[in-house]
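Letter by letter, the chains look like this.
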Amino acid sequence: SSRLSRQLRISSLFADVMLDNVILTMSASKVSDVPLPRLLGSVPHDTPSKPSASQFLLAAAQEAERAIHHRQHVLKHVGQESFSAKEHEELEPEDWMHTTGRDNFTAAEVQIAKRCHGFHMELLRMEQTPTASHYQLIHYDVPVLDPETHVLRLHGLVKHEINLSMADIRSKPAVTESVLMACAGTGRTLQKKRLWPHAPWGPDSIGCAKWTGCSLADVLREAGPLPSAAQVIFTGADKGIEKGEVQFFQRSLSLEDALRGHVLLCYQMNGADLPTAHGAPVRLIVPGWYGMASVKWLTSIEVTAGGWWGHQMDAYSFKRIADDPNLVPLQQLPVRALMAPPGFPEFVSRTRVVSPGTTRIEGRAWAGAVELERVEFSSDNGCSWSQAVLGKKNGPFGWAPWHFDWEATEGTFVLCCRAFDAGGRCQEEMSDETFNWGSFGSTQPQQVYVKVNKAVDAVGSHIDLISEQKAAKEALQAEAGLKAEFVRALYGAPGSQ
């Protein structure tokens, strides 16, 4: 009976998601009073004149509207004004999967982190993320697939099942786009009560690479979805165990999402064939969505009538409790800004040391397909904010540069940044009460701990940062003597510095 109950719930949830897709499509013009061109932003002058470019831009316009609507659903369910860590404690008093502090990283988290590296934050100064510095999340083992023999099977509720070789995929009209990708767990460590059986990401699980591939929509139309088709399931070659279940990594999109025109079957990253660890020889890229949707090492595309709800769908949902009947599946990205940490780092603590004077703070901001409105900078840990200079996005689903000239004076500072978009979305405030069960999608502002000291200009000079090192261990924090806000900025979200 429990299995039947769960299946009924899954079917109901899938129906709700499908209905939501229909509602979003029908009411897109009512989501925001902001004109659509402003939401999407201007088209870059170097937009490739490929056969699928027009459908890609149209899809981006639709995704911009959907992103705003999706964020409203998320905030209504687990936003800071809707739910808190304290409320979760009352609902799940026996919970053991969430931490109570920020420096109690488990060996399991460290093990995951050693396999799944983050972005190098200093490279926010670059428009295109080098492949080696793009974040990676690998759930199981890295499959090694031979591109000469690999076949991608498209099957299910279609008129013509297709077996695609890599030569077949490469022969189709190609699209190259800059796509900002962010893991669903970006900012997980910013949630004080975080889910510890997962990757301990700070804000660094990001990257903006150029992806080349063919349109998924074109391939699906070639196969001819049947009238009963409603869902597309994507299966990767990576196999492992989660929640006690042996599985391949699988995700799904509604047929409507799969046909929108922005989803790509990619075989190149930054102009070169996909590296093995990034999904070679072919992977899915779903621009504007959290990274879990972009299945790597793709082996199968199955068109179904709907109702499938696998582990990676349930796991990647905004929830209040582990078995939340009102969960909100993760989809489009929120708005966010990050800065390249200025100055020079101390090896252990990553404390940044800056020379006095005018220091240009540089960074990037993104909002999926939505146009950015502004970026703000703070040098006093968010007590006051100043508007930064914002540039243009490098593509419909890319990111935009920003900078602020900060007059640095001797002392200790916590730098922050935040972004706002044309759809009215903004980042969250800093709060220890922020909570969702999977610790997903935090947009709390990045904090960068900075000491301004002219000694950094002279090679061979001495700068004492022992207190900053000691502050990494809770037992030594009193001896270190740093203010609590400084300790949080320095170690609250590893990867920020």
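As the structure is a computational prediction, the values presented were derived from the model and not from experiment.

1. Some details on the layout of surface pockets
And then number 1: When its volume is computed, the largest pocket comes out at roughly 1,200 Å³.
And then number 2: Along the walls of the largest pocket sit 37 residues, with F105, Y491, A493, P494 and G495 positioned nearest its centre.
And then number 3: Looking at the lining of the largest pocket, the elements that each hand over two or more residues are helix 6 (107–115) and helix 13 (484–491).
And then number 4: Across the lining of the largest pocket, the residue classes break down as 18 nonpolar, ten polar and nine charged.
And then number 5: The computed volume of the second largest pocket comes to approximately 760 Å³.
And then number 6: P197, H198, E242, K243 and H311 are, among the 28 residues lining the second largest pocket, the residues nearest its centre.
And then number 7: Taken together, the elements giving at least two residues each to the lining of the second largest pocket come down to helix 6, strand 5 (231–242) and helix 10 (311–315).

2. Here we look at unusual backbone geometry
And then number 1: Here the amide bond leading from A280 into P281 is cis, since omega sits at 10°, within 30 degrees of zero.
And then number 2: Even without being a glycine, W297 presents a positive backbone phi close to 50°.
And then number 3: With respect to the helices, strands and loops of the structure, W297 is situated in the loop between strand 9 (283–285) and strand 10 (298–304).
And then number 4: Among the residues examined, W297 registers a relative accessible area of 0% and is labelled buried.
And then number 5: In this structure, R350 is a non-glycine residue whose phi angle is positive, near 65°.
And then number 6: Secondary-structure assignment places R350 in the loop between strand 14 (344–345) and strand 15 (352–354).

3. Quick look at empty space enclosed by the protein
And then number 1: Using the criterion set out here, one finds five cavities of 30 Å³ or more in the structure.
And then number 2: Computed from the structure, the largest cavity encloses a volume of approximately 230 Å³.
And then number 3: If you go around the largest cavity, you meet 21 residues; those closest to its centre are L137, R283, G291, S294 and K296.
And then number 4: By residue class, the composition of the lining of the largest cavity is twelve nonpolar, six polar and three charged.

4. Digging into the packing of aromatic side chains
And then number 1: What the rule picks out here adds up to ten aromatic pairs.
And then number 2: Ring plane angle 90° and centroid distance 5.9 Å describe the contact between Y135 and W201, whose orientation is recorded as edge-to-face. Here Y135 is found in the loop between helix 6 and strand 1 (151–156), whereas its partner W201 is found in the loop between strand 3 (175–182) and strand 4 (206–215), with 66 residues between them in sequence. W201 matches Y135 in its accessibility class, with the two residues each being buried.
And then number 3: Clustering of aromatic rings is evident, with ring pairs tying together F119, W366 and W399.
And then number 4: Stacked on the ring of F420, the Lys or Arg R374 has its end atom at 3.7 Å from the ring centre.
And then number 5: Taking NZ or CZ as reference, R418 lies 4.0 Å from the ring centre of W385, over its face.

5. Quick notes on the environment of A272
And then number 1: Secondary-structure assignment places A272 in strand 8 (residues 272–273).
And then number 2: What makes A272 partly exposed here is its relative accessible area of 39%.
And then number 3: A272 sits 61 residues away from W211 along the chain, and the two C-alpha atoms are 9.4 Å apart.

6. A closer look at the pairing of strand 7 (residues 264–269)
And then number 1: Here strand 7 lies mainly inside the structure; six of its six residues are buried.
And then number 2: As paired strands, strand 4 and strand 7 are joined by five bridges and run antiparallel to one another. If you follow S215 over to strand 7, its bridge partner there is L264.
And then number 3: With three bridges connecting them, strand 7 and strand 9 associate as antiparallel partners. Looking at strand 9, one finds that L265 is bridged to L284.
And then number 4: Pairing analysis gives two bridges linking strand 7 to strand 8, with the strands arranged antiparallel. Opposite Q268, over in strand 8, you have D273 as the bridge partner.

7. A look at the sheet that holds strand 5
And then number 1: The five strands are arranged 2-1-10-5-6 in an open sheet whose pairing can be described as mixed. Where the open sheet ends on each side, the last strands, each with one partner, are strand 2 (162–165) and strand 6 (245–254). Across the sheet, the mean angle separating the axes of adjacent strands is 25° when strand polarity is ignored.
And then number 2: Summarising the sheet, strand 1 and strand 10 pair through four bridges and their orientation is parallel. Pairing of G156 across the sheet is with V303, part of strand 10.
And then number 3: Together, strand 1, strand 2, strand 5 and strand 10 form the strand contacts of helix 8 (residues 216–223), whose direction differs from that of strand 2 by roughly 140°.

8. Points about the sheet that holds strand 16 (residues 357–366)
And then number 1: Across the sheet, four strands lie side by side as 13-16-20-19; this open sheet has antiparallel pairing. The open sheet has two edge strands with one neighbour each: strand 13 (336–339) and strand 19 (389–390).
And then number 2: In terms of strand pairing, strand 19 meets strand 20 (residues 400–408) through two bridges, oriented antiparallel. In the strand pairing of strand 20, L390 is matched with W402.

9. Comments concerning the state of the cysteines
And then number 1: A full pass over the atoms with the stated rule returns zero disulfides.
And then number 2: We note that C214 lacks a disulfide partner, and the nearest cysteine sulfur, in C266, lies 8.2 Å from it.
And then number 3: According to the relative accessible area criterion, C214 is buried, its value standing at 2%.
And then number 4: Considering cysteine sulfurs only, C416 is the nearest to C417, which forms no disulfide, with 7.6 Å between them.

Parameters and conventions
- Residues numbered from 1 in each chain as written.
- Predicted model: local features only at pLDDT ≥ 70, side-chain atom pairs only at ≥ 80, totals over all residues.
- Heavy atoms only, no water.
- 1 Å grid on protein atoms, 1.4 Å probe; cavity = no way out; pocket = protein on both sides within 12 Å on 5 of 7 lines; lining within 4 Å.
- Points joined across faces, edges and corners; volume = space filled by probe spheres on them.
- Helix = DSSP H or I, 4+ residues; strand = E, 2+ residues; numbered from the N terminus.
- Nonpolar A, V, L, I, M, F, W, Y, C, P; charged D, E, K, R; others polar.
- Buried < 20%, exposed > 50% of the residue type's maximum accessible area, 1.4 Å probe, protein only.
- Phe/Tyr/Trp six-rings, centres within 6.5 Å; stacked < 30°, edge-to-face > 60°.
- Lys NZ or Arg CZ within 6 Å of the ring centre and 35° of its normal.
- Pairing = 2+ DSSP bridges.
- Axes fitted to C-alpha atoms, helices over the stretch in contact; angles between N-to-C directions.
- Contact = heavy atoms within 4.5 Å.
- Disulfide = S-S within 2.5 Å.

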